[in-house]
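Residue-level listing of the chains:
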Amino acid sequence: MHTTSLLSLAATLFTTSAFAHGNVTSPPARLPGPAMRQACGAGAVSAVQSDFTGPLENIPSNGAPDCNTFLCKGQQFADNQANVQAFSAGQVVDFEVQLPIPHEGPCNVSIVDTATNTVVGDPLIEFASYADENLAVLPANNTQFSVQMPADLGGKCTVEGECVMQWFWFGTNAQQTYEDCVDFVMV
Ligand SMILES: *[C@@H]1O[C@H](CO)[C@@H](O)[C@H](O)[C@H]1NC(C)=O
Ligand SMILES: *[C@@H]1O[C@H](CO)[C@@H](O)[C@H](O)[C@H]1NC(C)=O
Ligand SMILES: *[C@@H]1O[C@H](CO)[C@@H](O)[C@H](O)[C@H]1NC(C)=O
């Protein structure tokens, strides 16, 4: 093999292993934008943009009150108003996730009140062990699963921006946290 092909192979391997862990690909989840730049600074935005599948721990926080990188990676509702999903009580919602670099650990999808960063009700789905890199093949439900919206949220989550469905995954050995947030309202 020529040195150049070795170098490009090495570059490919480096890119694949140094970056890319996992993210939600459907329903549409929050992405960075100008409001996030305003809240968290350009460094946080470029950290997310350089690897949409990277952990929260890689996103620098400027410590500003409006910037919580542990809530939706600091990504803001204001940048994502075009992607608010409308769900009804009991509706089944399909998720698709990509996990280019798995790290074993717990995972859940929960409804989170964004104003207080608190979980509303019970998790919609929970995996005690998710993305286990020791398995030859990941269970199909790690990358494709469905959740059912609660029958009653007590009147919460009816205003856009109030609630997200948060996919949360913690790689135990990697000590890395992954989050993506789907903006939604109950209709
Ligand atoms: C997920 O990652 C892909 C790149 O692999 C990117 O195109 C997409 O915007 C990302 N989505 C989110 C919600 O991070
Ligand atoms: C479930 O997700 C929440 C964040 O939404 C997190 O605080 C909690 O630790 C998670 N539980 C597990 C078992 O991963
Ligand atoms: C995911 O699939 C595995 C293997 O089929 C199963 O043991 C596990 O209970 C499933 N987890 C959830 C949350 O559905």
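This text follows the structure it describes.
Residues numbered from 1 in each chain as written. Chains lettered and ligands numbered in written order. Predicted model: local features only at pLDDT ≥ 70, side-chain atom pairs only at ≥ 80, totals over all residues. Heavy atoms only, no water.

Visitor: Tell me about the site of ligand 2, and name the residues and values.
Guide: Taken together, Pro106, Asn108, Val119, Gln166 and Phe168 form the complete shell of residues around ligand 2. One of the side-chain N or O atoms of asparagine 108 is found 2.7 Å from a nitrogen atom in ligand 2. With respect to ligand 2, the side chain of glutamine 166 contributes an N or O atom lying 2.6 Å from an oxygen atom. Protein coverage of the free-state accessible area of ligand 2, which is 360 Å², stands at 61%. For the shell around ligand 2, the secondary structure elements donating two or more residues are strand 4 (105-113) and strand 7 (163-171). Looking at side-chain class alone, the shell around ligand 2 contains 3 nonpolar, 2 polar and no charged residues. (Near = heavy atom within 4 Å. Polar contact = N/O pair within 3.5 Å; in protein donor to acceptor, adjacent residues only side chain to side chain. Areas by Shrake-Rupley, 256 points an atom, 1.4 Å probe, with all protein chains shown as cover. Helix = DSSP H or I, 4+ residues; strand = E, 2+ residues; numbered from the N terminus. Nonpolar A, V, L, I, M, F, W, Y, C, P; charged D, E, K, R; others polar.)

Visitor: Residue-level account of the packing of aromatic side chains, with values.
Guide: Considering all chains together, one arrives at 7 aromatic pairs under this definition. Where phenylalanine 127 meets phenylalanine 145, the ring centres are 5.8 Å apart and the plane angle is 70°; that geometry is what we call edge-to-face. A residue pair is termed long-range when its members are at least 10 positions apart, and phenylalanine 127 in strand 5 (residues 118-130) and phenylalanine 145 in strand 6 (residues 144-148) qualify at 18 residues. The class of phenylalanine 127 is buried, set by a relative accessible area of 10%. A relative accessible area of 6% places phenylalanine 145 in the buried class. (Phe/Tyr/Trp six-rings, centres within 6.5 Å; stacked < 30°, edge-to-face > 60°. Buried < 20%, exposed > 50% of the residue type's maximum accessible area, 1.4 Å probe, protein only.)

Visitor: Residues and numbers for the pairing of strand 4, please.
Guide: Here strand 4 lies mainly inside the structure; 8 of its 9 residues are buried. Hairpin geometry of strand 4 and strand 5 is characterised by an intervening segment of 4 residues between the two adjacent antiparallel strands and by a positive phi of about 55° at asparagine 117. One ladder, built from 7 bridges, connects strand 4 with strand 7; its direction is antiparallel. Within strand 7, the position partnered with asparagine 108 by the bridge is phenylalanine 168. (Pairing = 2+ DSSP bridges.)

Visitor: Tell me about the sheet that holds strand 4, and name the residues and values.
Guide: Strand order in the open sheet formed by 5 strands is 2-8-7-4-5, with mixed pairing between adjacent strands. The open sheet is flanked by strand 2 (85-87) and strand 5, the only strands paired with a single partner. Pairwise comparison of adjacent strand axes, ignoring direction, gives a mean angle of 30° for this sheet. (Axes fitted to C-alpha atoms, helices over the stretch in contact; angles between N-to-C directions.)

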